[in-house]
Amino acid sequence: MEKWNKKLILEDGSQYYGYSFGSQEEKITELVFNTAPVGYQEILSDPSYTYQTVVMAYPLIGNYGITKEDFETKQPSIGGLAVRDYNDIPSNFRSAATLDEVMKQYHIPGIYGIDTRKLVRKIRDFGSCKALLTDTETSLEEGLKKLAGYELPKDAVEKVSSKEIRYCAAKQENYLVAAIDCGIKENIIRSLNARGCSVMVYPWNVSYEEIQKQNPDGVFLSNGPGNPKDVKPVLELVRKLRGKFPMFGICLGHQMIALAYGAGTYKLKFGHRGGNHPVKNLKTGKIEITSQNHSYAVDSASLKNTNLELTHINLLDHTVEGLECRKDKVFSVQYHPESAPGPQDSGYLFDQFIQMMEENKHGKAN
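Report on the accompanying structure. Since the model is a prediction, treat every value here as computed from it, not as a measurement.

1. Focus on helix 8 (residues 232-241)
- Residues Val-234, Leu-235, Leu-237, Val-238 and Leu-241 constitute the buried set of helix 8. The buried residues of helix 8 occupy an angular sector of 160 degrees when the element is viewed end-on, so they sit on one face.
- The elements touched by buried residues of helix 8 are strand 11 (175-181), helix 7 (208-214), strand 13 (218-221), strand 14 (247-250) and helix 9 (252-260).

Here it is, written out as structure tokens:
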């Protein structure tokens, strides 16, 4: 049997031994888990996982390889990957590379062969924590010293946001959407393009004047990594934009809308990450199965003193999943309606955004 050459050291002193794949570098990250059985490429390339190592609850990872079309960003920034069984011989006619090759390309370390069931249970019981992914020669004492002396960075949005404005044209443009990029996923842009929306993607620190100059039909606030309270320039921008343009926020965008209206946010014990979270639409009574990836949530009690109305709730823990301010033509959801590889229950939210932009256009015309 091959000798272990990699290990995870957690803040509580527990160690998980396994084998290395991807990049060989040592990293300290926040340890989280995802329960989705498919979509490891989308997880690997989701900017919202910046500075995080993701433990995959599903045991077999790598078996269908990596495709050119399914990246959610051009420059993956995930901290690391921890899996039970890694497959390096993918069976998929679309596969262009192995997971190991792509992780090496983007300097993403990985560990396989560990007891991921035990590790997921630990995170569920005790919460997300810092972890050191290192080689087996690193002593526990040395590893704990490194963990104790390390503070997770707070510049995640700045790290992943576009550095310049880019234009993503629809085949037939009916609307122009200004997207504030805090770590936007490519499938959000594809979802808007498919509905006749050309998307002007702006860096996270774009000025209000720059958006106003373009006079878009609507404003989109993207998903992204980290604590929404750390993204103060975007919060100020939302306060200036609300009521002036129809606005739709997803995930981090949802949290920033809540903060801009005076509500509060807090960090969840272990977050929501997976493709099967049930959410109830309070307007229709319908249940949506949703894709989620977030550490923070909106405090429901704090909504009382705002102009925001609760529209969706999570049926597992009753956390806030959707908000709106009808007067300002603003709405948001905590989950991902653009989710790839699925589920597709929530695609109607993009149509709702388009309807809002259309009604606003007619209102201005009248």
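2. Some points on the sheet that holds strand 17 (residues 309-314)
- Sheet architecture is open: 10 strands sit in the order 10-12-11-13-14-19-18-17-15-16, paired in mixed fashion. Both edges of this open sheet fall to strand 10 (166-168) and strand 16 (287-298), since each of them pairs with a single strand only. Direction aside, neighbouring strands of the sheet carry axes that sit 25 degrees apart on average.
- As paired strands, strand 15 (residues 265-281) and strand 17 are joined by three bridges and run antiparallel to one another. Considered in strand 17, the bridge of Val-279 is made with Asn-314.
- Taken strand by strand, helix 6 (residues 186-193) contacts strand 10, strand 11, strand 12 (197-203), strand 13 and strand 14, and its axis lies near 150 degrees from that of strand 12.

3. Focus: the packing of aromatic side chains
- One pass over the structure, following the stated rule, counts 12 aromatic pairs.
- Taking the centre distance of 4.5 Å and the plane angle of 20 degrees together, the rings of Phe-21 and Tyr-86 count as stacked. Of this pair, Phe-21 sits in strand 2 (residues 15-22) while Tyr-86 sits in strand 7 (residues 85-86); the two residues are 65 residues apart in sequence, bridging distant segments of the chain. Like Phe-21, the residue Tyr-86 is buried in the burial classification.

Calculation notes
- Residues numbered from 1 in each chain as written.
- Predicted model: local features only at pLDDT ≥ 70, side-chain atom pairs only at ≥ 80, totals over all residues.
- Heavy atoms only, no water.
- Buried < 20%, exposed > 50% of the residue type's maximum accessible area, 1.4 Å probe, protein only.
- Helix = DSSP H or I, 4+ residues; strand = E, 2+ residues; numbered from the N terminus.
- Arc of directions from axis to C-beta.
- Contact = heavy atoms within 4.5 Å.
- Pairing = 2+ DSSP bridges.
- Axes fitted to C-alpha atoms, helices over the stretch in contact; angles between N-to-C directions.
- Phe/Tyr/Trp six-rings, centres within 6.5 Å; stacked < 30°, edge-to-face > 60°.

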